[in-house]
Amino acid sequence: MTTAPTTPPTIGVFALQGDVREHLRMLTELGVEAIAVRRPVELDACAGLVIPGGESTTMAKLARTFDLFEPIRQRIKEGMPTFGTCAGMIMLADRIEDGTADQETLGGLDITVRRNAFGRQVDSFEGDIDVVGLDAPLHAIFIRAPWVEAVGDSVEVLARVEEGPAAGRIVAVRQGSLMATSFHPEVGGDSRVHRLFVDLVTEER
Ligand code: GLN
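This one's a predicted model, so the numbers in the text were calculated from it and none came from an experiment.

So, how was this worked out
The numbering scheme is per chain: residues are counted from 1 as the chain's sequence reads. Where local features are concerned, this predicted model is filtered to residues with pLDDT of at least 70; where side-chain atom pairs are given and counted, the filter is 80 or more; whole-chain, interface and lining totals use all residues. Here the side-chain values reflect all heavy atoms present in the structure, with hydrogen atoms and water set aside. Put simply, DSSP H or I for four residues or longer makes a helix, DSSP E for two residues or longer makes a strand, and each gets a number counted from the N terminus. Should any heavy atoms of two residues lie within 4.5 Å, those residues are counted as being in contact. Between N or O atoms, a polar contact is any pair within 3.5 Å; within protein, one atom must be a potential hydrogen donor and the other a potential acceptor, and residues adjacent in sequence are included only when both atoms are from side chains. With a 1.4 Å probe rolled over the protein chains alone, any residue whose accessible area is under 20% of its type maximum counts as buried; one over 50% counts as exposed, and the rest are partly exposed. In this analysis, axes come from line fits to C-alpha atoms, helices being fitted only over the stretch in contact, and the angle between any two N-to-C directions falls in the range 0 to 180 degrees. Angles below 35 degrees are treated as roughly parallel, those above 145 as roughly antiparallel, those between 65 and 115 as roughly perpendicular, and all remaining angles as oblique.

**Q** Please give an account of the environment of Thr105 that cites residues and values.
**A** Checked against the element boundaries, Thr105 lands in the loop between strand E5 (93-97) and strand E6 (109-114). Measuring from C-alpha to C-alpha, the distance between Thr105 and Asp123 comes to 22 Å, with 18 residues separating the pair along the chain. Residues within four places of Thr105 in sequence aside, it is in contact with Phe69, Arg73, Ile90, Met91, Ala93, Asp94 and Ile96. A polar atom in the side chain of Thr105 sits 2.7 Å from the backbone oxygen of Ala93.

**Q** Account for the environment of Val131, with residues named and values stated.
**A** Along the polypeptide, Val131 turns up in the loop between strand E7 (124-129) and strand E8 (138-143). Residue class for Val131 comes out buried when judged on its relative accessible area of 7%. Dropping the residues within four chain positions of it, Val131 is found in contact with Leu138, Leu158 and Ala159.

**Q** I'd like to hear about the packing of helix H3 (residues 56-65) against helix H4 (residues 69-77), residue by residue, with values.
**A** In contact at an axis separation of 6 Å, H3 and H4 are set at 105° when each is read in the N-to-C sense. Considering their axes alone, H3 and H4 lie roughly perpendicular with respect to each other. Residue-level inspection shows Ala60, Ala63 and Arg64 of H3 in contact with H4, the latter providing Phe69, Glu70 and Arg73.

Pasting the structure below:
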């Protein structure tokens, strides 16, 4: 018989760029050990990783500069639960539309994302959406967000935009131990999406 570990897992937040603090606060409120990850040794301490919103082109370059790119990619390949929000979703995508010519991603999620997909007029907006696994709608905040243009067979769609010109577009996905949202669940006080991720990390231990 195996017993689940009782100590809370350590979850890292990729901290070279982006809205790191909001994720750290939310994870801490959920009772996990949340640490900022800027160096490989910090990544080694983590059972799971969050990649925040920010600017995906800058994140990829900084990850290279600070020798985090390959170690994170390796951990993802080995099954480390990883959750990307907005730019973090782009970082986890295997394919990008409207990326810069030399834009690299960590990959792992069998999806195609379109960067800055919602266009100029509606580049930042809010709306209520249903998310698989949550029992009531979530108020989602989109900031120059990507959407998911296409998903592979093993990707589960967790949420779509419900209203307006982008209705039907995929904005949350899961594939095995990887999760990603186009929106920013770390903004505002609703920690239910982070809870789903913490549960994923806890199950994988
Ligand atoms: N537009 C940004 C990018 O391409 C993502 C925006 C965000 O994370 N809020 O990386």
